[in-house]
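Descriptive structure summary
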Amino acid sequence: MKMVRVDALGANVSSIGFGCASLGGRVGARRGIEGLERAYDAGITWYDVAPSYGDGMAEPILGQFVSGKRGSVYICTKVGMRPRDTSAVMRILKPMARAALAVFPGIQPRLSAMKSKPFKVPLSAELIRTSIEDSLRRLRTDYVDVLALHRPTRDEVVREDIIRAVERIVQDGKARAISIAGNNEGGIDDLHESLPYRLIQIANNPLEPNLQRSTEIARRRTFVTYGSFSSVAPLVARLGSEKEILNGLYEMGYRGDLTEIAAAFVVDYALATNSAGVSLFSMFRKEHLAFNLRRSAQIPALHQLNRIVAELSNGPRRAERLVVRVWV
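Small disclaimer: the values here were computed from a predicted structure and weren't measured. Every chain is numbered independently, its residues counted from 1 as its sequence is written. Where local features are concerned, this predicted model is filtered to residues with pLDDT of at least 70; where side-chain atom pairs are given and counted, the filter is 80 or more; whole-chain, interface and lining totals use all residues. Note that water and hydrogens are dropped before the side-chain values are worked out from all heavy atoms of the structure.

**Digging into the overall build of the protein**
Inclusion rule: Helix numbering and strand numbering both begin at the N terminus, where a helix is a DSSP run of H or I of at least 4 residues and a strand a DSSP run of E of at least 2. Note on exposure labels: buried denotes an accessible area under 20% of the residue type's maximum, exposed denotes more than 50%, and partly exposed covers the range between, all computed with a 1.4 Å probe on protein chains only. Only heavy atoms enter the contact rule, under which two residues are in contact if any of them lie within 4.5 Å.
For the protein, the count of helices and strands is 14 helices and twelve strands. Across the 328 residues that make up the protein, the buried fraction comes to 51%. A separation of at least 24 residues holds for 75% of the contacts in the protein among residues at least 6 apart in sequence.

As structure tokens, this is what we get:
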């Protein structure tokens with residue numbers, strides 16, 4: 001497993017991180033802990049969670065997993081999003097929905113549409129204080145490595161009371177570093193070096209190349225990226241209609257059906273563009289973990305990947321033939 005240096009923590013962590021957004025929701029506790037254990041045994045040391053993940057159940061389940069491992073794993077949790085209340089009926093139906101999804105994976109879009117979505121709450125010093133305390137209790141630990149402001153507004157990022165609150169969290173030893181988990185609308189590209197945010201979590205994939213668009217000021221921080229597989233379906237559609245782009249991927253050595261090619265490409269892109277940071281993936285299935293590990297062992301050169309991304313950025317059209325050298 002490749003390790004990367006996170007200066008804010010003074011530690012080397014796995015370049016692949018485990019995203020826990022579906023833990024406790026689509027993925028139940030037993031299967032979830034099995035997946036987390038597999039990843040840990042494979043060398044994954046970074047685990048990303050939030051109070052809103054898994055309908056509020058992700059943190060308690062992750063807490064079970066990290067018990068006895070706290071010194072060898074790194075945890076990032078967040079503040080700013082809350083899960084909606086889940087009715088007793090929905091709690092009863094959730095295991096049935098998981099079982100149905102295992103047999104009929106095609107119903108996932110319909111189930112996702114029915115699922116209640118977490119909502120943003122305005123940040124305040126009091127919310128930050130109570131949220132971290134609640135998270136520590138659920139995670140069964142006395143500190144997290146990173147506390148991230150979850151989808152903050154531009155104003156929240158620079159507000160003096162919020163800055164003082166997160167600095168106090170670090171001073172009290174409840175978090176070792178502070179991060180922003182959001183997008184450019186939250187002012188990520190305008191962060192002054194004096195602000196306490198030492199890490200930035202942002203979506204990054206071939207159709208949303210946010211990392212490469214970031215300013216030099218932002219790049220001086222450690223990036224944690226996510227959202228790779230959200231681009232697979234639209235990328236498959238593009239490959240099916242634009243054979244020149246598909247041929248370019250063939251010439252780079254990609255093989256398989258369109259979904260397999262797209263999945264390999266988005267993982268390669270995530271790892272290549274964020275080679276000095278952590279790339280998050282959901283890996284509860286052993287085949288997904290194995291796939292990500294295989295891709296991380298041989299990543300194409302970034303300039304080769306960018307040739308494909310440049311064509312994709314032109315929008316759906318009949319592209320000119322790509323000339324891409326084969327990578328070994």
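**Remarks on the packing of helix α5 (residues 125–139) against helix α7 (residues 160–171)**
What counts, and what does not: Where helices are involved, their axes are fitted lines through C-alpha atoms of the stretch in contact, as for all axes, and angles between N-to-C directions lie from 0 to 180°. Any angle between 65 and 115 degrees counts as roughly perpendicular, while under 35 counts as roughly parallel, over 145 as roughly antiparallel, and the rest as oblique. Left-handed describes a crossing in which the near helix is turned anticlockwise from the far one by less than a right angle; the clockwise case is right-handed. The residue classification treats Ala, Val, Leu, Ile, Met, Phe, Trp, Tyr, Cys and Pro as nonpolar and Asp, Glu, Lys and Arg as charged. All others, Gly included, are polar.
Here α5 crosses α7 at 25°, and the two axes come no closer than 8 Å. It follows that α5 is roughly parallel to α7 by the angle criterion. In this structure, the crossing between α5 and α7 has a hand that is right-handed. Seen from α5, the contacting residues are A125, I128, R129 and I132; seen from α7, they are D161, I162, A165, V166 and I169. When grouped by side-chain class, the residues that make up the contact of α5 with α7 number seven nonpolar, no polar and two charged.

**Quick look at the nonpolar core**
Spelled out, the test is: Throughout, nonpolar core names a set of buried Ala, Val, Leu, Ile, Met, Phe, Trp, Tyr and Cys residues whose side chains join them through atoms within 4.5 Å.
Counting residues in each nonpolar core, the largest one holds 76 residues, and the members touching the most others are L62 and Y197. In terms of residue count, the dominant contributor to this core is helix α12 (residues 258–273) (eleven residues). In this structure Y197 touches L149, E156, V157, I162, I163, I178, S179, I180, L191 and R221, once residues within four positions along its chain are discounted. Formed by 16 residues, the second largest nonpolar core is a distinct cluster that contains A11, V146, A181 and V278.

**Concerning the packing of aromatic side chains**
Short version of the rule: Only Phe, Tyr and Trp rings are paired, with Trp represented by its six-membered ring, and only when their centres lie within 6.5 Å; those with planes under 30 degrees apart are stacked, over 60 edge-to-face, the remainder tilted.
Counted by the stated rule, this structure contains six aromatic pairs. With 6.2 Å between their ring centres and 75° between their planes, F229 and F281 make a pair best called edge-to-face. Highlighted residues: F229 in the loop between β11 (222–226) and α10 (232–241) and F281 in strand β12 (residues 278–281), separated in sequence by 52 residues. The interplanar angle of 80° and the centroid separation of 6.1 Å between the aromatic rings of Y254 and F265 together place this pair among those described as edge-to-face. Pair noted here: Y254 is in the loop between α11 (243–251) and α12 and F265 is in helix α12, with a separation of eleven residues, a long-range link. Each member of the pair Y254 and F265 is classed as buried. One aromatic cluster in this structure is built from F18, Y40, Y47, F65 and F284.

Taken by themselves, the reported measurements are silent on function.
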